[in-house]
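Structure assessment
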Amino acid sequence: MTRTAVPTAPGRIAREAVSRLVGGGSGTVFALLILIFAVIFAINPSFAQPPSMLAFAKQAAPLVILAVGQYFVIVSGELDLSVGSLVGAQVVIAAKLIDGEESRTVPVILLMIAFGALVGLVNGLVTTVLRVPSIITTLGTMLVLYGAIRLWTGGAPTGALSEAFRRPGRGGIEDLPVIGQLPWALLIALAVGAAALALTRSPYGRTLIATGDNDTAAAFSGARVWRVRTTAFVLSSLLATAASILIGGFAGVTAQVGDGLEFMAITAVVLGGVVLGGGRGTVIAAMAGALTVEALFTLFNQLFLPSTIQPTVQGLIIIAAVGYAARQRSTRSP
Amino acid sequence: MRSLATARPRPFRLGTTGLVYLALVSIVLVGTAVAAARGHNLLGTANLVDMLTRSSLLGFVAIGQTLVILCRSLDLSVGYVMALSSVVAATTMAGDPARIGLGIAAVIAVSALIGLVNGLVVTRLRVNAFIATLGMGLIIKGYLDTRYKGPAGDIPEAFQLFGYTRIAFLPLSAAAMVAAAVLAILFLRMTRTGYHMYAVGGDAEVARMSGIHVERPVITAHVLCSVAAGAAGLLVAARFGTGSTLVYASGYDLESIAAVVLGGTYLLGGRGGVAGTVAGVLILAVLDTVFNILAVDPFFKDVLRGVIVIAAVAIYARRQVDRTASRSRFAGSRGGPSGGTGDPPHPAPAEQGGRT
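Source: prediction; values computed, not measured.

The rules behind each value
Residues numbered from 1 in each chain as written. Chains lettered and ligands numbered in written order. Predicted model: local features only at pLDDT ≥ 70, side-chain atom pairs only at ≥ 80, totals over all residues. Heavy atoms only, no water. Helix = DSSP H or I, 4+ residues; strand = E, 2+ residues; numbered from the N terminus. Contact = heavy atoms within 4.5 Å. Areas by Shrake-Rupley, 256 points an atom, 1.4 Å probe, with all protein chains shown as cover. Buried < 20%, exposed > 50% of the residue type's maximum accessible area, 1.4 Å probe, protein only. Buried area = accessible area lost by both parts, 1.4 Å probe. Salt bridge = Lys/Arg side-chain N within 4 Å of Asp/Glu carboxyl O. Polar contact = N/O pair within 3.5 Å; in protein donor to acceptor, adjacent residues only side chain to side chain. Nonpolar A, V, L, I, M, F, W, Y, C, P; charged D, E, K, R; others polar. Core = buried A, V, L, I, M, F, W, Y, C linked by side-chain atoms within 4.5 Å. Patch = residues over 30% accessible without salt bridge, like charges linked within 9 Å, V, L, I, M, F, W, Y side chains within 5 Å. Axes fitted to C-alpha atoms, helices over the stretch in contact; angles between N-to-C directions. Parallel < 35°, antiparallel > 145°, perpendicular 65-115°, else oblique. pLDDT = per-residue confidence, 0-100. Left-handed = near helix turned anticlockwise from the far one by under 90°. Phe/Tyr/Trp six-rings, centres within 6.5 Å; stacked < 30°, edge-to-face > 60°. Lys NZ or Arg CZ within 6 Å of the ring centre and 35° of its normal. Expected span 1.5 Å × (residues − 1).

Quick word on the overall build of chain A
- Counting secondary structure elements, chain A contains 14 helices and 2 strands.
- Relative to all contacts within chain A whose residues are 6 or more apart in sequence, the contacts with residues 24 or more apart total 76%.
- When the accessible area of chain A is evaluated, it comes to approximately 13500 Å², of which 66% is carbon and sulfur surface.

Concerning the overall build of chain B
- Within chain B one finds 14 helices and 2 strands.
- Relative to its 356 residues, chain B shows a buried fraction of 61%.
- Taken as a whole, chain B presents about 13300 Å² of accessible surface, with 66% of it coming from carbon and sulfur.

A look at the interface of chain B and chain A
- Taken together, the 53 residues of chain B in the interface contact 53 residues of chain A.
- The junction of chain B with chain A conceals about 4300 Å² of combined surface from both sides, 73% of it contributed by carbon and sulfur atoms.
- Our enumeration of links across chain B and chain A arrives at 0 salt bridges.
- Put simply, chain B and chain A have 4 residue pairs in polar contact (both at pLDDT 80 or more) between them.
- Only α6 (129-147), α12 (252-262) and α14 (298-326) of chain B provide two or more residues apiece to the side of chain B that touches chain A.
- Grouping the constituent residues of the side of chain B that touches chain A by class yields 33 nonpolar, 12 polar and 8 charged.

Describing the nonpolar core
- Counting 189 residues, the largest nonpolar core has L81(A), I136(A), I266(A), M82(B), F130(B), I131(B) and I257(B) as its most contacted members.
- Counting residues in each nonpolar core, the second largest holds 8 residues, with A94(A), I98(A), V108(A) and M112(A) among its members.

A word on the side chain of T200(A)
- Structurally, T200(A) is set in helix α8 (residues 184-201).
- Non-local contacts of T200(A), meaning those with residues more than four positions away in its chain, are made with Y71(A), F72(A), G205(A), R206(A) and V283(A).

Concerning a nonpolar patch on the surface
Residue and element names in this part refer to chain A.
- Together, I173, L176, W184, L187, I188 and L190 give the surface a local cluster of nonpolar side chains, amounting to about 450 Å² of exposed area.
- Relative to the elements of secondary structure, L176 occurs in strand β1 (residues 172-176).
- By relative accessible area, which is 30% here, L176 ends up partly exposed.

Some details on the packing of helix α7 (residues 163-170) of chain A against helix α11 (residues 225-251) of chain A
All names here are of chain A.
- As a packed pair, α7 and α11 sit with axes 7 Å apart at the nearest point and diverge in direction by 95°. In this view, α7 runs roughly perpendicular relative to α11, as classed from their interaxial angle. Residue-level contacts link F165, R166, P168, G169 and R170 of α7 to I245, L246, G248, G249 and F250 of α11.

Quick look at the confidence of the model for chain B
All names here are of chain B.
- Taken over all residues, the pLDDT of chain B has a mean of 82, while the share at 70 or more is 85%.
- pLDDT under 50 marks residues 1-5. Its contacts with residues more than four places away, or in other chains, come to 8 contacts.
- Note on residues 324-356: pLDDT is under 50 here. Beyond four places in sequence and across chains, it has 99 contacts.

Considering the packing of helix α3 (residues 45-70) of chain B against α12(B)
Residue and element names in this part refer to chain B.
- Close contact between α3 and α12 brings their axes to 8 Å; oriented N to C, the two are set at 70°. The angle between the axes of α3 and α12 places the two elements in the roughly perpendicular class. When the axes of α3 and α12 are compared, the crossing they make is right-handed. Counted together, L57, L58, V61, A62, Q65, T66 and I69 of α3 and Y252, D253, E255, S256, I257, A259 and V260 of α12 form the full contact between these two elements.

Describing the packing of aromatic side chains
- Summed over the entire model, instances satisfying the criterion amount to 10 aromatic pairs over all chains.
- Seen from their ring centres, F37(A) and F41(A) are 5.7 Å apart, and the 45° between their planes marks the pair as tilted. With F37(A) and F41(A) both in helix α2 (residues 27-43) and 4 residues apart, this pair spans about one turn of that helix.
- According to the relative accessible area criterion, F41(A) is partly exposed, its value standing at 29%.
- When the centroid spacing of 6.3 Å and the interplanar angle of 85° are considered together, the rings of Y143(B) and Y148(B) count as edge-to-face.
- By way of ring pairs, the aromatic residues F37(A), F41(A), F47(A) and F56(A) are connected into one cluster.
- Directly above the ring of Y146(A) sits R150(A), whose terminal nitrogen or CZ lies 3.7 Å from the centroid.
- The positively charged end of R271(B) is found above the aromatic ring belonging to Y266(B), 5.0 Å away from the centroid.

Thoughts on the pattern of salt bridges
- Per the counting criterion, the structure on display carries 10 salt bridges over all chains.
- A salt bridge links D215(A) to R229(A), with the nearest nitrogen and oxygen atoms 3.4 Å apart. Pair noted here: D215(A) is in helix α10 (residues 215-220) and R229(A) is in helix α11, with a separation of 14 residues, a long-range link. R229(A) carries the same exposure label as D215(A), and that label is buried.
- In this structure, the salt-bridge partner of K141(B) is D145(B), at a minimum N-O distance of 3.2 Å. Of this pair, K141(B) and D145(B) both sit in helix α6, 4 residues apart, which is roughly one turn of the helix.
- Classification of K141(B) as partly exposed rests on a relative accessible area of 22%.
- The structure contains a network of salt bridges with shared partners spanning D50(B), R54(B), E255(B), D288(B) and R305(B).

Quick word on unusual backbone geometry
- In this structure, D99(A) is a non-glycine residue whose phi angle is positive, near 50°.
- Mapping D99(A) onto the fold places it in the loop between α4 (83-98) and α5 (105-128).
- Residue classification places D99(A) among the partly exposed positions, given a relative accessible area of 45%.
- Backbone geometry places R72(B), a non-glycine residue, at a positive phi of 65°.

Topic: helix α6 (residues 134-153) of chain A
All names here are of chain A.
- Over its 20 residues, α6 runs 28 Å from end to end, which matches the ideal 28 Å to within 8%, given 1.5 Å per residue.
- Counting buried residues along α6, 14 of its 20 residues qualify, which places the element largely inside the surrounding structure.
- G154 lies just past α6 and shows a positive phi near 70°.

So, in structure tokens, the structure goes:
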């Protein structure tokens with residue numbers, strides 16, 4: 001897949017641009033994204049129409065938001081496996097508490113935000129203060145949330161979401177010329193992306209990346225490592241809460257709604273050239289990674305690939321892409 | 001079990017491994033008391049068989065996972081290897097007792113090949129182990145879901161005995177698991193590759209400078225881990241009498257990691273051992289059996305398990321902090337086998353879960 005992206009273009013300028021694009025690290029994901037979209041457009045030219053693209057954006061928005069949250073945690077040198085079950089938990093909580101009543105929408109969303117922040121705080125404090133490896137902490141949180149939600153609902157989620165709650169996930173600004181509906185999900189994802197970009201350039205963001213790169217050096221430079229990392233976990237859980245609102249509106253209420261999302265988010269971030277272990281990679285590339293994962297699924301659908309074989313292709317592409325990026329990185333800085 | 005308690009991987013590991021067995025004994029005691037209060041005998045034959053049967057399956061996987069984690073790697077594909085192995089065994093044997101040997105050989109070959117690919121991808125392609133084995137798991141999942149729509153193949157009666165035979169209260173499968181554990185302990189303590197695993201996991205760069213081929217122990221660990229998962233797959237096939245593709249949904253990958261860490265092995269490699277892992281597996285099995293006796297809601301069990309694993313690891317982490325305070329150790333290992341970039345020297349080692 002990535003083989004074909006190796007630069008063959010004649011001309012020095014073109015060559016330089018291409019080599020920058022495929023030059024490993026974060027650039028690879030953009031090349032991959034362009035390649036996948038080129039194939040999609042070649043198979044199905046009508047997909048290039050604005051409505052299809054906006055529908056794609058609406059579908060991809062939750063994963064993009066999750067990838068941003070996961071980016072903060074990964075770049076600080078940790079890992080958050082709990083986002084998938086947190087999304088499931090939040091959707092179930094929303095359905096059970098709102099129970100179809102419009103007036104409860106806002107209070108319940110506020111409660112969900114508080115709950116998300118609490119989960120992130122627990123993840124962060126257990127990891128930093130109790131010094132439990134984050135993969136175990138968040139695995140434990142995942143088990144606890146998974147069990148607690150099913151215990152609370154007796155196995156099957158009950159209740160219903162309100163119209164207002166579903167609007168961000170499936171609604172949008174209607175009746176625009178040319179593009180039709182401008183989804184709220186896309187606007188929310190763009191806002192999250194812009195805020196995340198601003199945050200990574202802020203003093204906090206720079207401290208976060210420094211902590212992920214070398215936490216001892218960061219500590220000696222005056223960073224409060226535990227606070228920086230705990231904040232990253234809180235951000236991840238808050239963004240998972242935002243994603244759960246979009247997913248709940250878009251996909252409806254089931255307890256399985258978040259299953260496997262944590263691995264998809266981690267895959268997206270790593271595909272974006274962000275190094276597991278911290279300190280390397282950009283949030284834009286992580287978001288592009290999320291778009292790439294979603295584009296891959298769209299491509300599978302366009303190819304009418306049997307849904308059962310999709311994981312195989314997905315696995316091969318992930319390994320190839322990450323291996324390719326790693327090869328480039330190691331040859332560039334020996 | 002007592003013979004295991006004496007077989008500790010390192011003299012200075014006495015502390016943590018001892019602690020794990022102490023925890024196991026106290027959990028058994030508390031569990032016995034709680035069960036007795038409800039009029040049950042935790043150490044009765046039925047319950048012992050239940051506990052040991054539970055632990056044998058996870059045990060195989062966790063023993064292999066220990067080797068991989070000692071090398072500062074990780075294997076998330078074990079659940080899928082188990083499912084694939086059970087199908088390979090069942091379809092190869094096809095109900096014919098004469099083909100049992102062939103089936104076992106096929107499972108070993110297939111799982112070893114998967115482990116080899118995992119190891120090569122991690123070491124040569126420098127793909128992070130988390131991603132490499134997750135991707136491998138997805139590849140196997142796609143193959144299984146496409147090729148098999150349900151249970152496949154047939155296990156001959158003679159091999160099903162492996163799943164059900166027991167001597168007094170000791171199931172044959174648990175005995176085989178203990179035998180595998182002893183072999184793994186001997187492998188780690190007696191062979192050069194075993195020592196190299198600790199060296200590479202502790203600090204790949206120092207190991208390389210000491211003249212160790214850092215890739216070999218990692219690849220070996222991945223091969224052995226996959227073969228151990230294959231053995232677990234054989235056990236699944238023997239119990240179900242057919243190849244079961246859906247085993248991969250049972251979460252053995254993450255549970256085996258939890259068992260390894262519960263057993264006191266350091267998640268970032270270089271410290272720990274198989275004896276502790278066996279205790280970790282037994283602790284999880286005893287807890288499960290006690291929860292069953294008390295008729296705890298299955299969903300509440302998940303909650304309790306999560307809390308217990310976090311609490312246990314927090315206690316070990318605290319002890320590790322104490323020890324590194326007294327032993328000056330340059331814990332920061334640069335670039336694991338999967339090619340990370342300089343981790344800091346850690347005053348407290350358990351701080352990061354992201355693997356480099």
